[in-house]
Amino acid sequence: MPFLLMLSGAAGCSSQSQNNTPRSAQTQTSTPSAATVKVQPQVAAAPVQVSEKFAARVREIGAAGRLDEMERSNFSDYKQHFIATYEATGYAPLWLQADGLSPQGEGVIRALEQCDRKGLDPKDYDSAKWPQRVEALKTSADAQKADFDAALTVATMRYISDLHIGRVNPKHFKFGIDAAIKKYDLPQFLNQQVIHAADIQEVLAEVEPAYNGYRRTEDVLVHYLELEKLGDGASVPAVTKGVGAGDAYVGVPALVARLRLLGDMPAGGAVQDYDSSVADAVKHFQVRHGLTPDGKLGAATVRELNVPIASRVRQLGFALERWRWMPPDFPHPPVVVNIPEFRLRAFEEGQKIALAMNVVVGRAAPTQTPVFTDNIRFIVLRPYWNVPMSIVRSSVIPGIQRSGTSYLTRQRMEVSGGGGDLIAGLRSGRYTVRQKPGPQNSLGLIKFMFPNSYNVYLHSTPATELFSQSRRDFSHGCIRLEKPAELAAFLLRNQDGGKWTTEAVQKAMDSGPDNRTINLQAPVPVLILYATAVVAEDGSVHFFDDIYGHDRRLNDVLKKGTPYPW
């Protein structure tokens, strides 16, 4: 499901809260359920004698919450989990048997060595150090074996948690998404599911999101990691004016090489001219990168063509991180808006897209659309628009000062409240302003409500010309819909005897009655998300600009290494 295919707004539509609680202060208490992780058959291991030196060294490591031989030596965020895990086994080795490394340990190490294929940082799990450590086990004393066992336990805890809920709490970025509700009881999970598992790879696979879009993104990431090994090749030369089919362009060989590398143009012989085949390939590339698909080579297209493969690998990794923040399932298929893609998708059972449309989101500054999840509960036909104070001050008051109360008449606005001068009353908030229902209402003729602290919702708009733009961040925070009647008909398809067809909804929008509320029989989840890399159902990968800088902020946090903010 291409959900990630993640709002501070105004226009009636604003502010966010932050949670910087460290991971160490949050207890992972939710026991994994059968719906999340299958109970694994247990494999009896050859008994290993618990030596006092081994146990003492593990206790020392746990008390310190760090292990200097690890790349990320500070594991204070997992310290209590580490201690509880070993206490439950009497400080016996978790990964060592009488004859050496356990099969489960071998399987975990294989996973850690390939963590980059999951969009994770190999340094977080000591991915490059395990072969040397395993070899050293043959001649290690008990204290060194304790270091090995402890390091593998810490790396495994990090890996499982990072795959399941992500590395960074989304609330750190003021996102209204609660990933913490999915947390495992890690000591219980390791002792019951992992260290004696008959199929360790199956256990590790089960902790990841079960969404089709997540798996597709993983697959594309693996492909891009292979492309990264090949190198970016020669840069596509800049252009001073647009280049189209039939135009002369000295950079055709480099352009064709890049288009073939990225899969936008089939392999073949040398191409020297910017012919129709090159223009078609450029158009294909433009579609995948949120550009106007005209087949012409302009500055924006050249810029996207020259983005290093390593940057695309990073975008895909960020997309996987955000997938891991998502709930494990939904009571009903959701409606999903991906902000940088300017796109909405409504899903039906089986993770199938039932409806898709363009949207307009909040301006990159200062009225961004917030990232959060909620539930659509009701629809309002021909709504009033309660004008936010920010717009009253920025637009309504200047309009009245220029044209008097005729401004309110032209804008079909009503003022309520009393006492004193109109302008002073508006400035102080004693007066409020609302716009009457109708075709020129700023909310259009319908709005979809999921009451939230941001005062953000979905709505139609009279400014339909904006949907043809390739970049569509024009709103004050709320989300404007290209096909509002179709979305309403979809959400209402199973109630009122099926009377709410698209035509019926459109008629009610056009002719009234005004401000009519229709409650949904069951709330429908809505996800306002943020992903700059999306893998479609056909396997094609699409990249979008980081319009709000959320990728940059995530990268800044991850670059600092563990412990990550929870």
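Residues numbered from 1 in each chain as written. Predicted model: local features only at pLDDT ≥ 70, side-chain atom pairs only at ≥ 80, totals over all residues. Heavy atoms only, no water.

*Asks:* Talk me through the pairing of strand E3 (residues 335–338); I want residue IDs and the actual numbers.
*Replies:* Neither face of E3 is left uncovered, since the one carrying Val335 and Val337 and the one carrying Val336 and Asn338 both have all their residues buried. When E3 meets strand E4 (residues 343–348), the two strands line up antiparallel, connected through four bridges. What sits directly across from valine 337, in E4, is leucine 344. Hairpin geometry of E3 and E4 is characterised by an intervening segment of four residues between the two adjacent antiparallel strands and by a positive phi of about 55° at phenylalanine 342. Two strands pair when backbone bridges link them, and E3 and strand E14 (residues 516–529) are joined in this way by four bridges, in the parallel orientation. Following the sheet pairing, valine 336 is matched in E14 by leucine 527. (Buried < 20%, exposed > 50% of the residue type's maximum accessible area, 1.4 Å probe, protein only. Helix = DSSP H or I, 4+ residues; strand = E, 2+ residues; numbered from the N terminus. Pairing = 2+ DSSP bridges.)

*Asks:* Let's hear about the packing of aromatic side chains: which residues, and what values?
*Replies:* Evaluated as defined, the whole model comprises 15 aromatic pairs. Where tryptophan 130 meets phenylalanine 148, the ring centres are 5.6 Å apart and the plane angle is 85°; that geometry is what we call edge-to-face. With tryptophan 130 in helix H4 (residues 130–136) and phenylalanine 148 in helix H5 (residues 142–165), this pair connects stretches of sequence that are 18 residues apart. Between phenylalanine 372 and phenylalanine 450, the aromatic rings sit 6.0 Å apart at their centres with planes inclined by 40°, giving tilted as the arrangement. Taken together, the positions of phenylalanine 372 in strand E6 (residues 372–381) and phenylalanine 450 in the loop between strand E10 (446–449) and strand E11 (458–459) put the pair 78 residues apart, joining distant regions of the chain. In this structure phenylalanine 450 comes out as buried when scored by relative accessible area, which is 0%. One aromatic cluster in this structure is built from Phe75, Phe82, Tyr86 and Tyr91. Above the ring of phenylalanine 543, the side-chain terminus of arginine 312 is found at 4.6 Å from the ring centroid. Directly above the aromatic system of tyrosine 384 lies the positively charged group of arginine 434, at a separation of 3.5 Å from the ring centroid. (Phe/Tyr/Trp six-rings, centres within 6.5 Å; stacked < 30°, edge-to-face > 60°. Lys NZ or Arg CZ within 6 Å of the ring centre and 35° of its normal.)

*Asks:* Break down empty space enclosed by the protein for me, citing the residues and quoting the values.
*Replies:* Estimated volume of the largest cavity: approximately 60 Å³. Every residue lining the largest cavity is listed: Tyr224, Arg258, Leu262, Phe285, His289, Glu304, Leu305, Val307, Ile309 and Arg312. Secondary structure elements with two or more residues in the lining of the largest cavity: helix H11 (299–305) and helix H12 (309–324). Among the residues making up the lining of the largest cavity, the classes are represented as six nonpolar, one polar and three charged. (1 Å grid on protein atoms, 1.4 Å probe; cavity = no way out; pocket = protein on both sides within 12 Å on 5 of 7 lines; lining within 4 Å. Points joined across faces, edges and corners; volume = space filled by probe spheres on them. Nonpolar A, V, L, I, M, F, W, Y, C, P; charged D, E, K, R; others polar.)

Bear in mind that shape data such as this cannot, by itself, settle questions of function.
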